[in-house]
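# Analysis of the macromolecular model
Okay, here's what each chain looks like letter by letter:
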Amino acid sequence: MVTRIPPRTTRQPTRQRSRFRHFLASGAVATAMVAGSVIPLGPLLPAAPQAQAAPLTAPRTAPQAAPAAADGKKVLTVAVDQSIDSLSPFLAQTLVATSIFRLTNEFLTNYDPKDAHTIPGFATKWASSADKLTWTFTIRSDSKWSDGKPATAEDAAWTFNKMMTDPNAATANGNFTSNFKKVTAPDATKLVIELKKPQATMTALDVPIVPKHVWEKVDDFSKFNNDKKFPIVGNGPYVIEDFKVDQYIRLKPNKDFWRGAPKFDELVFRYYKDKDAAVAALQKGEVSFVSGLTPAQAAALGNADNIKVNNAPGRRFFALATNPGAKAKDGKSFGNGHKALLDQNVRKALFHAVDRKTIVEKVFQGNAVEGQGYIPPRFDSYFWEPSGSQTIDYDPAKAATLLDKAGYKKNSGGKRVGKDGKPLNFRILCHATDPNDKAVGKYLQEWWGELGIGLKVECLDNVSDPWLAGNYDLAFDGWSVNPDPDFVLSIHTCAALPATAEDTGATDNFICDKKFDDLYAKQAVEYDTAKRTDLVKQMQSRLYDTGYMNVMAYPNAVEAYRTDQIKSITTMPEAAGNLWGQDGYWSWWSAVPADGTGEASSDSGSSTGTIIGIGAAAVVVVALGIFFAIRRRSTAEDRE
Amino acid sequence: MSTASTPGVVRDAVDDPVKTGPSDGPRTRTTGHRTGYLLYVAGKLGGAAVSLFAILVTSFFLFRIIPGDPVKAMTHGKPTSVEQMATLRKQFGLDLPMWQQFTEYCAKALTGDLGTSYQFHAPVGELIAEKVPATLLLTGVAVLIYSTLGLWLGTRSAWRHGGLGDRINTGVALTLWSVPSFWLGLLLIIVFSVGIGPIPGMFPSGGMESGNETGFAHVLDVAHHMVLPVVTLVAVGYAQTLLVMRSSLLDEMGSDYLTTARAKGLRDDLVRRKHAVPNAMLPTVTMVFINLGHVAAGSILVETVFSWPGLGGLFYQALSVPDLPVVQGLFVVFAGAMILMNLLADLLYPLLDPRVGR
């Protein structure tokens, strides 16, 4: 169709082509320069010693059988996904940050890995005065800061005093010192804390003690994130050596740690924002440990070589909360909670129609324990179960009777209607990001539907707004419990209600019950462990009976680690416990490297060969591309 | 170019018979063109400035619609007293009335201060600056590669449209385009990072660097970490450039000037490169610049799957609190990048096609 006329001259295409090549070349140079200027120049601080320790050329000569890091370091790599909000113990709120402080700074006391009872930490012993208002802690004399200076009672006193006098230093842990009157250190091994009123949680002060000689130089505690100068001085089993936001936190063992140095040469918390990618990294051996697995991931890893899945009792409870009629401390009611739920029989009927066994089996796929009392069985000293007659078990017939008794009879359409003739319809607040909430919501719709009650599952990204405003009937609730249960109990006292309807209180579910409050006040000042335990159990019993909260399950902590990297590691509780988020530093401090480990650290060194291979492959591909492009053009020319 | 200007001069002479002097013609024309272009540029610059200001104002109110109390969200699950929460609110300035928060925000924003992050207790500008290089590197390289690849393949496809090559090309591109990026990313991790069967695990499964390397080794290390995320972004993204280039070139294919060019004796290859492609470039350039605007925003999904420490991840994290100063700052940066790229595209049009901006 188109008549092609042979070219008159060959000059033009040649010039054209060379111009094209110039363009390509300058483009490539420009790209390389841009890339070079954009790539951050890496961890400059520790560069010098590491460059010597891990020369790039080493892996090339290293024997194939041992793909360890160039210097044969035993590295324990833990996959994490939550960002570090701050490396200042005075500011950080996230679990990752607070777990790391456990490793880097001693607290006054620690918790026994066997059963979580209080054991010595920075303090070796403690005693309270007869009037319960003065506590004297004996501080150990064998603890040193990682810069060589001795760690003394003076450091502890300074830490607490700073939090008491500077509101900016109290943002993270101020709740621990709000009842402190005076803190002094008469000598290097003696710390005296005077209280305003007795406080039973004095052996559970989870506050990282910081070195005074470092921190007294800080001007503004609200802005100091402690992430510019490394290593960070501490006295725990590990010292933070390097940190890159959302990339990694690198820790080295503290050789002078009084309890003994950790066995691994390095502990790295590496970021995997996607859990499936973290699981892939575990399979590959890039990381040694992954936590928070879904049932499907746990099942997939169950058959993998050299991987142990640890399915341990968790520290959380998963509960149903009912709106007891939101109120402020000034007595003013607010919110739009359903009036029918103020009737205890209605609440009990709802709970009787919840089949916990099915929830554990179907929703959690066996990775949970049926719920009973408020505190999970992991904390066995405080764990409480309802007695036989008290138990609200799965009994739909009983639920129907209770509803009849409360005046909500079934109409001809099978719907429960009140005396006003209106059908009984509830709403439940669900976290849109939590698949368990949604799945349980579906079951509740079915079970309560059979009773004749309608349920609307309202899944929201942010449930806190309607929750704080009291605009809900029921909600999915859950808290992580500490070895000392004071906090999770305090959120159900009248004192936790908001001051006015416009304020926000610490309350979880607007519960305000005189009997519960009395028991709370008693346990808060009870220094005798056995007596306090008994009071805590009575409180759980009362909470169960009032029926505003009903625990459906205690989800397990499902995690996995590589047995060819970690030979042994301490779980908490020791018998069958978990590794991530322990109350103490036991897991990472106790971990023993497996013989011939190294895959964990292979990421740093073994890449050289691969990179060269990839580089070569890229060059080949580009060369082939250019070759074919030119060949095509010349064919076209020939054709013409 | 020379062929285009010759008739112009002739037309000038014909259209403008009342000339004051023989030498005034060409000068008036050049000055007129320059003034026209300057006016065009000034108009575009003014528009961009107004948009930027509107975004600055919108960003403050837009994110205040997000439900949720930042203080409550941040302290959730941690023993926190009412006093601690009050201190936090005061630190964040959330205790002030809305209008006062707004005026303070505007005053600060005009001096370049985007405020302090609630969760990270650090200046927003610093946080963004910390993450910008990672995002620019990843998405920048990906956009560069997929634009070039799309342009090249699109041109090839259109020139031999209907052929086997065209069908395979378009088919593959469309298939890859419809693949969710996070899924493709995970697949690549499983195949090329963990390794399947005879394929060894060659690439790291996440992150931007291993943290042990320095100097050139570090550059190589970052490049090694970049391979899989870049491949994902390119695979999913190149189809758009390909399709736009292909269809706009197809529009030009039947034009008379191509026949003329061929009649002049130009080779097929030259006809395509010198005549058809430049005329088909305009829509593709818009597309490329829009993509460049997206570079700053990164790719939340790909950044998440590959744990790339970029802006996309920061935005997602800030939204969930909501960390208002960070979300506002990022919104301004993302929108600003888009405005800037659109502005550049607008400024480039008259150079690519002299008809624009007259």
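Residues numbered from 1 in each chain as written. Chains lettered and ligands numbered in written order. Predicted model: local features only at pLDDT ≥ 70, side-chain atom pairs only at ≥ 80, totals over all residues.

## Describing the overall build of chain A
Helix and strand counts for chain A stand at 20 helices and 23 strands. Relative to all contacts within chain A whose residues are 6 or more apart in sequence, the contacts with residues 24 or more apart total 68%. (Helix = DSSP H or I, 4+ residues; strand = E, 2+ residues; numbered from the N terminus. Contact = placed C-beta atoms within 7 Å.)

## Regarding the overall build of chain B
Secondary structure assignment for chain B yields 14 helices and two strands. Counting over 358 residues, chain B shows a buried share of 42%. For chain B, the share of sequence-separated contacts (at least 6 apart) that also reach a separation of at least 24 residues comes to 71%. (Buried ≥ 20, exposed ≤ 12 C-beta atoms within 10 Å, placed from the backbone.)

## Considerations on helix H17 (residues 529–546) of chain A
All names here are of chain A. In a regular helix each residue adds 1.5 Å, so 18 residues correspond to 26 Å; H17 covers 26 Å between its end C-alpha atoms and thus fits that length. All of the buried residues in H17 are Arg-532, Leu-535, Val-536, Lys-537, Met-539, Gln-540, Leu-543 and Tyr-544. Packed against the buried residues of H17 are helix H15 (486–490), helix H16 (514–524) and strand E20 (549–555). (Expected span 1.5 Å × (residues − 1).)

## What to know about the environment of Leu-52 of chain B
All names here are of chain B. Within the fold, Leu-52 resides in helix H2 (residues 24–62). Residue class for Leu-52 comes out partly exposed when judged on the 15 C-beta atoms lying within 10 Å of it. Placed 171 residues apart in sequence, Leu-52 and Ala-223 show a C-alpha to C-alpha distance of 35 Å. With near-sequence residues (within four places) excluded, Leu-52 lies in contact with Gly-336 and Ile-339.

## A few points about the nonpolar core
Side chains of a nonpolar character, in soluble globular proteins, are inclined to be buried together. Ala-79, Ala-156, Ala-278, Leu-282 and Val-290 of chain A together with Leu-330 of chain B are the most contacted members of the largest nonpolar core, which totals 168 residues. Residues within four places of Ala-278 of chain A in sequence aside, it is in contact with Ala-79, Tyr-272, Val-287 and Val-290 of chain A. (Core = buried A, V, L, I, M, F, W, Y, C linked by C-beta atoms within 7 Å.)

## A short note on the sheet that holds E20 of chain A
Residues and elements named next belong to chain A. As summarised here, the arrangement of the six strands in space is E14-E20-E13-E19-E17-E18, forming an open sheet in which the pairing is mixed. At either end of the open sheet lies a strand with only one pairing partner, and these are strand E14 (368–370) and strand E18 (454–460). Shown here is a sheet whose adjacent strand axes are inclined to one another by a mean of 30 degrees, direction ignored. Where strand E13 (residues 316–322) lies against E20, four bridges are found, and the strand directions are antiparallel. Within E20, the residue paired with Phe-318 across the bridge is Ala-553. Contacting E13, strand E17 (425–431), E18 and strand E19 (474–480), helix H13 (residues 435–451) crosses the sheet at an angle of about 170 degrees to E18. (Pairing = 2+ DSSP bridges. Axes fitted to C-alpha atoms, helices over the stretch in contact; angles between N-to-C directions.)

## Some details on the sheet that holds strand E5 (residues 134–139) of chain A
Residue and element names in this part refer to chain A. Read from one edge of the open sheet, four strands run E4-E5-E7-E6, paired in antiparallel fashion. Unpaired on one side and paired on the other, strand E4 (123–128) and strand E6 (180–187) mark the two borders of the sheet. With direction set aside, neighbouring strand axes in the sheet form an average angle of 20 degrees. As judged from the five bridges shared by E5 and strand E7 (residues 190–195), these two strands associate in the antiparallel manner. Paired with Thr-136 across the two strands is Val-192, which belongs to E7.

## Comments concerning the pairing of strand E21 (residues 557–562) of chain A
Residue and element names in this part refer to chain A. Across the six residues that make up E21, a large majority, six, are buried. Covered by surrounding structure in E21 are Ala-557, Glu-559 and Tyr-561 together with Val-558, Ala-560 and Arg-562, the residues of both alternating faces. Of the strand pairs in this sheet, strand E12 (residues 307–312) and E21 are connected by six bridges, and their pairing is antiparallel. Opposite Lys-308, over in E21, you have Tyr-561 as the bridge partner.

## Quick word on the UniProt feature "transmembrane region" (unreviewed entry) in chain B
Mapped onto this numbering, the UniProt entry gives "transmembrane region" (unreviewed entry) at residues 37–66, 134–153, 174–196, 216–239, 280–306 and 326–349 of chain B. As annotated, residues 134–153 of chain B has a helix share of 100% and a strand share of 0%, and its two end C-alpha atoms lie 28 Å apart. (UniProt positions renumbered as here; feature names shortened; annotations may be inferred.)

## Some details on the packing of helix H6 (residues 124–159) of chain B against helix H13 (residues 311–320) of chain B
Residues and elements named next belong to chain B. For the pair H6 and H13, interaxial distance at closest approach is 8 Å and the crossing angle is 135 degrees. In this view, H6 runs oblique relative to H13, as classed from their interaxial angle. In this structure, H6 contributes Leu-127, Ile-128, Lys-131, Val-132 and Thr-135 to the contact, and H13 contributes Leu-311, Gly-312 and Leu-314. Here the contact of H6 with H13 is built from residues that sort into five nonpolar, two polar and one charged. (Parallel < 35°, antiparallel > 145°, perpendicular 65-115°, else oblique. Nonpolar A, V, L, I, M, F, W, Y, C, P; charged D, E, K, R; others polar.)

## What about the pairing of E6 of chain A?
Residues and elements named next belong to chain A. The pairing of E6 with E7 spans five bridges and is antiparallel. For Phe-180, the partnering residue across the bridge sits in E7 and is Leu-195. Linking E6 back to E7 in an antiparallel pair, the connection comprises two residues.

## Some thoughts on the packing of helix H8 (residues 181–194) of chain B against helix H9 (residues 215–253) of chain B
Residues and elements named next belong to chain B. Running from amino to carboxyl end, H8 crosses H9 at an angle of 135 degrees, the nearest separation of the two axes being 10 Å. The orientation of H8 relative to H9 falls into the category oblique. For the element pair H8 and H9, the recorded crossing hand is right-handed. Judged by residue contacts, Ser-181, Leu-184, Gly-185, Leu-188, Ile-189, Phe-192 and Ser-193 of H8 engage Leu-228, Val-231, Thr-232, Ala-235 and Val-236 from H9. Its residues assigned to classes, the contact of H8 with H9 shows eight nonpolar, four polar and no charged. (Left-handed = near helix turned anticlockwise from the far one by under 90°.)

## Points about unusual backbone geometry
Residue and element names in this part refer to chain A. Cis geometry marks the peptide bond from Phe-230 to Pro-231; its omega dihedral reads -5 degrees. With respect to the helices and strands, the residue Pro-231 is situated in the loop between helix H7 (212–215) and strand E8 (238–244). With an omega of -5 degrees, the peptide bond between Met-572 and Pro-573 qualifies as cis. Counting through the fold element by element, Pro-573 comes out in the loop between strand E22 (566–568) and helix H18 (586–590). Positive phi values are uncommon outside glycine, yet Lys-132 reaches one of about 65 degrees.

## Quick notes on H13 of chain A
Because each turn of an α-helix spans 3.6 residues, side chains separated by three or four positions in sequence point in the same direction. Residue and element names in this part refer to chain A. End to end, H13 covers 25 Å across 17 residues, agreeing with the expected 24 Å (1.5 Å per residue, within 8%). Listing the buried residues of H13 in full gives Asp-437, Val-440, Gly-441, Leu-444, Trp-447, Trp-448 and Leu-451. Buried residues along H13 cover an arc of 140 degrees about the axis, so they all sit on one side. Following H13 by one or two positions, Gly-452 has its phi on the positive side, about 100 degrees. (Arc of directions from axis to C-beta.)

## Observations concerning the confidence of the model for chain A
Residues and elements named next belong to chain A. The pLDDT averaged across chain A works out to 84; a share of 82% of its residues lies at or above 70. Taken together, the stretch residues 1–68 has pLDDT below 50 and engages in 65 contacts with residues farther than four places along the chain or on a different chain. Note that pLDDT drops below 50 for residues 597–609; the model gives that stretch 45 contacts with residues more than four away or on any other chain. (pLDDT = per-residue confidence, 0-100.)

## What to know about the confidence of the model for chain B
In regions of low pLDDT, the predicted coordinates are not meant to be interpreted in detail. Across chain B, the average pLDDT comes to 81, with 87% of residues at 70 or higher. This stretch, residues 1–26 of chain B, has a pLDDT under 50; its non-local contacts, to residues over four places away or in other chains, come to six contacts.

## Brief notes about the environment of Pro-376 of chain A
Residue and element names in this part refer to chain A. With respect to the secondary-structure elements, Pro-376 resides in the loop between E14 and helix H12 (396–405). Under the C-beta neighbour-count criterion, Pro-376 is labelled buried, with 25 such atoms within 10 Å. Measuring from C-alpha to C-alpha, the distance between Pro-376 and Val-290 comes to 23 Å, with 86 residues separating the pair along the chain. Setting aside anything within four residues of it in sequence, one finds Pro-376 in contact with Pro-313, Gly-314, Arg-315, Arg-316, Phe-317, Phe-383, Val-481 and Tyr-554.

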